[in-house]
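Chain residues, written in single-letter form:
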Amino acid sequence: MSISLAEASKLSTDILLKGIIETIVKDSPILQELPFIQIVGNSLKYNREKTLPTVAWYDPVTDTWTTSEPEFEQCSASLCILGGDADVDNFLKATRSNIQDLEAAVIEQKAKALRNEFENTFLNGDSGVNAKQPDGLYKTMKGTAWAVDTSYSLGDVVVPTAGKENGFRYECTTAGTSHATTEPTWPTTEGETVVDNTVTWTCRLGNHLGSGTSGAALTLTKMDQLIDLVRGGKPDLLLMSRRSRRKIVNLARVSGTNLQVGQGKLGEFVELYNGIPVAISDWVKDNYVVGGSTDCSAIFAFQMGEGAVCGLTSPEVIQVERLGSLETKDASRTRVKWYVSLANFSIVKAAMLTGVRD
């Protein structure tokens, strides 16, 4: 069972914890919507759909039925520790007229820092750079680019080279070595194959769409292609930088329309593109590198839930510990911590458009 932070706040009887959760959720379009699965233990192993089984039409008398099994890839996600200490100086406590306001202000700032770090990691986390954090959407959806003259084993998965990503992945179904100079012409029908020197690649559904070898200006056609990569229903959210949102608004005006306006979870007005909420995150960067361009952004489209993009957390969700007086300085300390991680249960429930230039 999953629970949102807003619902967790309602269930808490700790007034301080309720205030921290409300602060975290208030200005975060991600945390307003993202559900969290409460897990016991420090990690979760789950199976992600890889390929569907096949079916066929059969003659009632003469045909022999054949078996076909689905394929899954086993994934795992480990809880990581996100938190910080909020120290309140005892001198300020004693000389200010309202102690509670001072403590609340210090802890509120710590809660905002917690929110910012979670959003940044949700998008840009890289356990290869910092082993203490989970991988974010950008890394998990970027994929491994095909390379020339490289040995590939059965089950290896690649995407076309930078900027040429087409929304599909390619699984090595015959091991071998890729061509020394020429990238294959990648098929775009699931199950089709292409021979690459001594390697055979089989087309699989993917979630990364590029904009060109050095990126390109955003178009509404690219936005529609991105949305179409999310299968099993529309995305719950389109997440982008402020620059990309301005570009979409301008493109809509040029085409003679405006973005729709709806209402968010907290009653606020939100813009909609094709009926999908458009959300801004300051952690979607405008300086991703694609080819020779260093001014590229990305747009994320994803569903949220137990079968899609979801958070993982310990049963306590966010925790507040009052540690009391410190030995090394005249202050009291409150610790805010969260055992948390991320999981994407289905490749086709999330997609990313990269190389977006102004």
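Note that the structure is a prediction, hence the values are computed from the model and not measured.

Here is what the cut-offs are and how they apply
Residues numbered from 1 in each chain as written. Predicted model: local features only at pLDDT ≥ 70, side-chain atom pairs only at ≥ 80, totals over all residues. Heavy atoms only, no water. 1 Å grid on protein atoms, 1.4 Å probe; cavity = no way out; pocket = protein on both sides within 12 Å on 5 of 7 lines; lining within 4 Å. Points joined across faces, edges and corners; volume = space filled by probe spheres on them. Helix = DSSP H or I, 4+ residues; strand = E, 2+ residues; numbered from the N terminus. Nonpolar A, V, L, I, M, F, W, Y, C, P; charged D, E, K, R; others polar. Core = buried A, V, L, I, M, F, W, Y, C linked by side-chain atoms within 4.5 Å. Buried < 20%, exposed > 50% of the residue type's maximum accessible area, 1.4 Å probe, protein only. Contact = heavy atoms within 4.5 Å.

**Here we look at the layout of surface pockets**
Part 1 of the argument: Each pocket or cavity is described by its volume, and for the largest pocket that value is around 570 Å³.
Part 2 of the argument: Lining the largest pocket are 26 residues; nearest its centre among them are Asp27, Ser28, Pro29, Ala279 and Ile280.
Part 3 of the argument: Going through the elements one at a time, helix H3 (29-33), helix H5 (99-124), helix H8 (242-254), strand S15 (269-273) and strand S16 (276-280) are the ones with two or more residues in the lining of the largest pocket.
Part 4 of the argument: Examining the composition of the lining of the largest pocket, we find that 4 residues originate from one element, S16, more than from any other.
Part 5 of the argument: For the lining of the largest pocket, a count of residues per class yields 9 nonpolar, 6 polar and 11 charged.
Part 6 of the argument: Roughly 410 Å³ of internal volume is contained in the second largest pocket.
Part 7 of the argument: Around the second largest pocket, the lining comprises 18 residues; the ones closest to its centre are Arg48, Glu73, Thr140, Gly143 and Arg169.

**Notes on the nonpolar core**
Part 1 of the argument: In this structure, Leu5, Phe118, Phe122, Phe300, Phe302, Ile318 and Trp338 are the most contacted members of the largest nonpolar core, which totals 42 residues.
Part 2 of the argument: The element that contributes the greatest number of residues to this core is H5, accounting for 6 residues.
Part 3 of the argument: Filtering out sequence-adjacent residues up to four positions away, phenylalanine 302 remains in contact with Phe122, Leu137, Pro235, Asp236, Leu237, Leu239, Val309, Lys349 and Ala350.
Part 4 of the argument: Counting residues in hydrophobic clusters, the runner-up holds 22 residues, among them Leu209, Ile248, Leu259 and Val278.

**Quick look at unusual backbone geometry**
Part 1 of the argument: At asparagine 197, a residue that is not glycine, the phi angle is positive and equals roughly 60°.
Part 2 of the argument: In this fold, asparagine 197 is placed in the loop between strand S10 (193-196) and strand S11 (199-209).
Part 3 of the argument: Overall, asparagine 197 belongs to the partly exposed group, its relative accessible area being 45%.

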